[in-house]
Amino acid sequence: MEVSVQEIIDHLTAHVELRDNTVDQLISGSMDQLVTGIVVAFMPTQQVIERAVQQGANLIIAHEPPFYNHHSHTDWLTENPVYQTKRNLIDEAGIAIYRCHDSIHQVQPDGITEGLVQALGWTAFLEQRKPEADILSFDTGMTVQQIAEHIKHTLQIEYVRVAGNLEMTCQRAAVLVGFRGNGNLTIPLLHNERLNLIIAGEGFEWETPEYIRDAVQQGRQQALIMMGHAESESSGMKLLATKLDQAYPELPVTFVGEQPVYNVL
């Protein structure tokens, strides 16, 4: 059975109502082109695109955009050689790139958060789902150190960043994926949900971390683990690849991951 890019996009957005200013869009390719294979990725990097070409896949579904800004604007990049090389590869290979950002966050439950909690094996600890976070209750309690090591081992990432006492035992935590680690989200959660720990992707370094520093200096039992943006959201896209594989068994669907963008020296 032949499947078009439009049909795949309709499937992805079937249960959500995207707002007018959504960033979800077809960035390259055509809605009516027939899909030969799907690559799902957190970010459509140069390597991810090359892998798609090698595999004969002509549709990339990515959570983030290929061209280094949230709204996929490219007017400021037209003379940039990195942009030109990447754009030429996409166009010459006939790759359609669809950004699946708002819709996967809008489904119930949030598809990205669900993927991370499942990957960490923490579904049994889930107490409450909020639009911005999943609230977890660890029955027996784990230390910040144990939780950090579990995240690193389970997701196969080299490092996380921690603020607070590593030996503190955590009973209640919130998981916030992507760029949700800013103070306007985390600080009310810490107070209102009586949390010991925030586990987030990324956020401004002078908001939540400084709040945690003050809290610890006041003798409060609170801590923060920052995983990294991609590290917190890749599991959700991997889960999406699994669901697409089940929905379209006639198409090859592959999740392509990337190495961490930073080396820690």
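Provided above is the structure to which this section pertains.
The paragraphs below set out a description of the structure included in this document. Note that this is a predicted model, so its numbers are computed, not measured.

What follows covers the packing of aromatic side chains. This structure, assessed with the given rule, holds six aromatic pairs. An angle of 75° between the planes, with centres 5.3 Å apart, marks the rings of W122 and F138 as edge-to-face. Of this pair, W122 sits in the loop between α5 (111-119) and β5 (126-129) while F138 is found in strand β6 (residues 134-143), placing the two residues 16 residues apart along the sequence. Residue W122 shares its accessibility class with F138, and that shared class is buried. A centroid spacing of 6.3 Å and a plane angle of 25° characterise the contact between F204 and W206, whose relative ring orientation is stacked. Classification of F204 as partly exposed rests on a relative accessible area of 40%. In textbook terms, an aromatic cluster arises when at least three aromatic residues are bridged by ring pairs, as seen for F67, Y68 and Y83.

The next point concerns the environment of R51. With respect to the secondary-structure elements, R51 resides in helix α2 (residues 46-55). On the accessibility criterion, R51 (32% relative accessible area) is partly exposed. Linking R51 and L197, residues 146 residues apart in sequence, is a C-alpha distance of 38 Å.

Let's shift gears to the pattern of salt bridges. All chains considered together, the criterion is met by twelve salt bridges. Across the pair E64 and R99 runs a salt bridge whose closest N-O atoms are separated by 2.7 Å. Linking E64 in the loop between β3 (59-62) and α3 (81-93) with R99 in strand β4 (residues 96-99), this pair joins segments that are 35 residues apart in sequence. The class of E64 is buried, set by a relative accessible area of 9%.

Moving on: the pairing of strand β8 (residues 169-176). Of all eight residues in β8, six are buried; the element is thus mostly enclosed. Of the pairings in the sheet, the one linking β6 to β8 comprises six bridges and is antiparallel in character. Residue pairing for β8: D134 is matched across the bridge by V175. The pairing of β8 with strand β9 (residues 197-200) spans four bridges and is classified as parallel. Across the sheet, A173 pairs through a bridge with L197, a residue of β9. Note that the unit made of β8, helix α7 (residues 183-192) and β9 has a crossover that is right-handed.

Definitions and cut-offs
- Residues numbered from 1 in each chain as written.
- Predicted model: local features only at pLDDT ≥ 70, side-chain atom pairs only at ≥ 80, totals over all residues.
- Heavy atoms only, no water.
- Phe/Tyr/Trp six-rings, centres within 6.5 Å; stacked < 30°, edge-to-face > 60°.
- Helix = DSSP H or I, 4+ residues; strand = E, 2+ residues; numbered from the N terminus.
- Buried < 20%, exposed > 50% of the residue type's maximum accessible area, 1.4 Å probe, protein only.
- Salt bridge = Lys/Arg side-chain N within 4 Å of Asp/Glu carboxyl O.
- Pairing = 2+ DSSP bridges.
- Right-handed = clockwise from strand over helix to strand, strands pointing away.

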